[in-house]
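Residue-level listing of the chains:
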Amino acid sequence: MFDGECVLCSGFFRFITKVDRAERFCFAHAQSDFGHALYTALGLSSDDFETNLILVDGRIHTHLDSFAAAMRAVGWPWRALGAIRFLPRPLKSFLYMRIARNRYAIFGRYDTCMMPDPSLSARFIDRKEGAP
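For clarity, every value in this text was computed on a predicted model and none was experimentally measured.

The rules behind the values
Residues numbered from 1 in each chain as written. Predicted model: local features only at pLDDT ≥ 70, side-chain atom pairs only at ≥ 80, totals over all residues. Heavy atoms only, no water. pLDDT = per-residue confidence, 0-100. Helix = DSSP H or I, 4+ residues; strand = E, 2+ residues; numbered from the N terminus. Contact = heavy atoms within 4.5 Å. Phe/Tyr/Trp six-rings, centres within 6.5 Å; stacked < 30°, edge-to-face > 60°. Lys NZ or Arg CZ within 6 Å of the ring centre and 35° of its normal.

Asks: I keep staring at the confidence of the model for the chain and nothing clicks. Help me out?
Replies: Low-pLDDT stretches of the model should not have their predicted coordinates read in fine detail. Confidence along the chain averages 84 in pLDDT terms, with 92% of residues attaining 70 or more. When mean pLDDT is taken per element in the chain, helix H4 (residues 89-100) scores highest with 91 and helix H6 (residues 118-121) scores lowest with 78. Note that residues 128-132 has pLDDT below 50 and, in this model, five contacts with residues that lie over four places away or in other chains.

In structure tokens, the structure reads:
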């Protein structure tokens, strides 16, 4: 789950699609109906997407832990970046929130939600037939 209007978040999405050779990950825009429902169900703001969500092996990861989980899941050499999970939680929270709250100012914002090219559309949960 990622903020499709955020240049940084969309860049991370594009990065994952390139390094996830096994196509393990599926995606959804935070701005989609599915995204709103999931953020609400998790007690997160459904109008200010300060965290991306990653589900790996049945566990939802948020904040910097989501980045670490994604890196561990895509394999080497990126797996090494998963070590970031060992940083103290206060430091991880501080670093993540400083970037998350300022991401539009630092990296920019798209006027509309980034749309996947046709080759990636099948990997979008919120675009599959019957998706909530």
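Asks: I keep staring at the packing of aromatic side chains and nothing clicks. Help me out?
Replies: Here a ring pair, both rings aromatic, is described through the centre-centre distance and the interplanar angle of the planes. For the coordinates displayed, the defined rule picks out eight aromatic pairs. Ring centres of phenylalanine 15 and tryptophan 78 lie 4.9 Å apart, and the angle between their planes is 90°; this geometry places the pair in the edge-to-face category. Of the two residues, phenylalanine 15 sits in helix H1 (residues 7-19) while tryptophan 78 sits in the loop between helix H3 (63-74) and H4, which places them 63 residues apart along the sequence. Ring pairs connect the aromatic residues Phe2, Phe13, Phe27 and Phe124, which therefore count as one cluster. Seen from the ring of tyrosine 104, arginine 103 lies directly overhead, with NZ or CZ sitting 4.5 Å from the centre. The ring of tyrosine 104 carries the charged tip of arginine 109 above its face, separated from the ring centre by 4.1 Å.

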